[in-house]
Amino acid sequence: MSAEPRSTLTVTITVNDDETTETVPARTLLSEYLRDYRYLTGTHRGCETAKCGACTVLLDGDAVKSCNVLAAQADGHAVTTVEGLAGDDLSPVQSAFWETHGLQCGYCTPGMVMSATALLRANPDPTDDEIRSALAGNLCRCTGYTKIVESVHEAADRRREAADE
Amino acid sequence: MQSLSYARPSSIQEACSLLDEFSGGAVVLAGGQSLLPLLRLGAAITDCVVDVNHIEGGDRIVVDEDHVEVGFGARHVDVATDEAVRERCRVLAETAGHIGDTQVRNRGTLCGSIAHADPAGDPPVLATLLDAEIVAASVSGETTYRGSSFFHGFYETELDETELVTAVRFPTVAPPRGAAYEKWEPSEGAYPVATVGALVELDGDLVADASLVAGAVEAGPTPRPEAVELLVGREPTEATVTEAAVAVGEHADPIDDAEGTADFKRELLKTLAKRALLAAVERAGGPTP
């Protein structure tokens, strides 16, 4: 791509191991791109002001708020959304949230799960404080967070057990 | 989101040419963590975003005995986790590690935060405190600004709209100098309501020089020379430190808003200034009062 300013762009983004090329308006947010062009509606748009974290995805493995990144900035990069975590079974983080009741209404859950996944990849055995700090950018209005923190601990145990097998 | 065009320069020269062509109608997009919310809310309007993330070498962090140089592409997480930065300029690594939340630190850049100059931003306070060198490029060449005279209130700096901050150079801090930064945020990851940076230089048992800068309570980083006067030439005892910390609060001119009353913010500043000063004195090699 040249330095010439463009109002529409052709972007090639690998989402959940699927590389696709699309032409989008330059102003398209990554969250809009994922939902409206890739039809991956697991990425939730909550506040749209980069506060709530419901739209958190992994960009080259790092947790980012997809409402605060342009699709153009993900051009040539790899994105993982909540749809990309499960294989035949739910991922350890997903199954731990499910079984530990780490959600009530579920709206924030995809973002929580993505942030927790990034945390556990970097820190397989986090403390309560480390979990709360890593999830500070994800708001939940139902649970009071206690069950979410428990779910992340449970996910850490499941990941370690899976690694030991 | 407003309509805009997007440009992806591959060199600093190309980026500067674009900023010059648009003469104020273009903005630099680095991490975008402050810029994109403003654009979405219509609080900032632009014809073109100039994405500098594809310019090679921008993400460098170079540390030597005297300086920590942070390139325009280096993200808060990179600064926070760089061992050499932590060793040579601990206050910078600590501050970067507590900016916003995880997602913000994964994308946001230190240079971008300084150029953006949000009154509640952490890096502007540190750049003022340590009198960092702020290097900016434009089509007419390179200019180096001093952090202590760079910020002029709400989102206003020495920069004009055609300049790109290419690097910020912080001095290293080692005994007999010590620095610390303290802030209060209503919830982790939120913008702070009050912050204080403290820098102390000791000469034996006495404070030879010091700097105190308050943030978030006024329109930009606010140095407090009145409080420094109470420290210089004296022993940094708890009583002296407390006196200076109280002066940081008393001389501040906050406004009442949803985050708290002016009095509440003055009290916050006093507490934060005392914590920051005590930590700075200890790091400078002084006694722990």
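Scoring rules and cut-offs
- Residues numbered from 1 in each chain as written.
- Chains lettered and ligands numbered in written order.
- Predicted model: local features only at pLDDT ≥ 70, side-chain atom pairs only at ≥ 80, totals over all residues.
- Helix = DSSP H or I, 4+ residues; strand = E, 2+ residues; numbered from the N terminus.
- Buried ≥ 20, exposed ≤ 12 C-beta atoms within 10 Å, placed from the backbone.
- Contact = placed C-beta atoms within 7 Å.
- Core = buried A, V, L, I, M, F, W, Y, C linked by C-beta atoms within 7 Å.
- Nonpolar A, V, L, I, M, F, W, Y, C, P; charged D, E, K, R; others polar.
- Pairing = 2+ DSSP bridges.
- Axes fitted to C-alpha atoms, helices over the stretch in contact; angles between N-to-C directions.
- Expected span 1.5 Å × (residues − 1).

Participant: How should the overall build of chain A be read in this particular structure?
Facilitator: Across its full length, chain A holds 5 helices and 5 strands. In sequence order, chain A lays out its α and β elements as β-β-α-β-β-β-α-α-α-α. Taken along the three principal axes of its C-alpha coordinates, chain A extends 50 × 35 × 25 Å. Looking at chain A as a whole, 47% of its 165 residues are labelled buried. For chain A, the proportion of contacts with a sequence separation of at least 24, taken over those separated by at least 6, is 58%.

Participant: So what exactly am I meant to see when it comes to the nonpolar core here?
Facilitator: Generally speaking, a soluble globular protein has its nonpolar side chains buried in company with each other. Ranked by size, the top nonpolar core spans 143 residues in total, and within it Val50, Val168, Ala198, Val248, Leu277 and Ala280 of chain B carry the most contacts. Counting residues per element, this core draws most heavily on helix α11 (residues 262-283) of chain B, at 10 residues.

Participant: Even after reading the chapter, I still don't get the interface of chain A and chain B, so can you show me in this structure?
Facilitator: By a widely used convention, the size of an interface equals the accessible area lost when the partners come together. Across the boundary between the two partners, chain A contributes 29 residues, which contact 29 residues of chain B. Broken down by secondary-structure element, the contributors of at least two residues to the side of chain A that touches chain B are β4 (62-65) and α4 (128-134) of chain A. When residues in the side of chain A that touches chain B are grouped by element, the largest group, 4 residues, is from β4 of chain A. Considering only residue class, the side of chain A that touches chain B consists of 14 nonpolar, 9 polar and 6 charged.

Participant: Could you clarify how one ought to interpret the sheet that holds strand β6 (residues 133-138) of chain B in this entry?
Facilitator: Residues and elements named next belong to chain B. On the basis of which strands lie adjacent, the open sheet formed by 5 strands has the order β4-β5-β8-β6-β7 and antiparallel pairing. Edge positions in the open sheet fall to β4 (61-63) and β7 (141-146), since each of these has one partner strand only. The sheet shows a mean angle of 20 degrees between the axes of neighbouring strands, direction not considered. In this structure, β4 lies alongside strand β5 (residues 67-71), joined through 3 bridges in antiparallel fashion.

Participant: When you look at the environment of Glu154 of chain A in this model, what are you seeing that I'm missing?
Facilitator: Residue and element names in this part refer to chain A. As for its placement among the helices and strands, Glu154 is situated in helix α5 (residues 146-164). On the basis of neighbour counts, which here come to 19 C-beta atoms within 10 Å, the residue Glu154 falls in the partly exposed class. In this structure, the C-alpha to C-alpha distance between Glu154 and Phe97, residues 57 residues apart in sequence, is 8.3 Å.

Participant: For this particular structure, what's the right way to read α11 of chain B?
Facilitator: Every α-helix carries 3.6 residues per turn, so stepping three or four residues along brings you back to the same face. Under the 1.5 Å per step criterion, the end-to-end length of α11 of chain B is 31 Å for 22 residues, consistent within 8% with the ideal 32 Å. The positive-phi residue at the C-terminal boundary of α11 of chain B is Gly285 of chain B, with phi of around 100 degrees.

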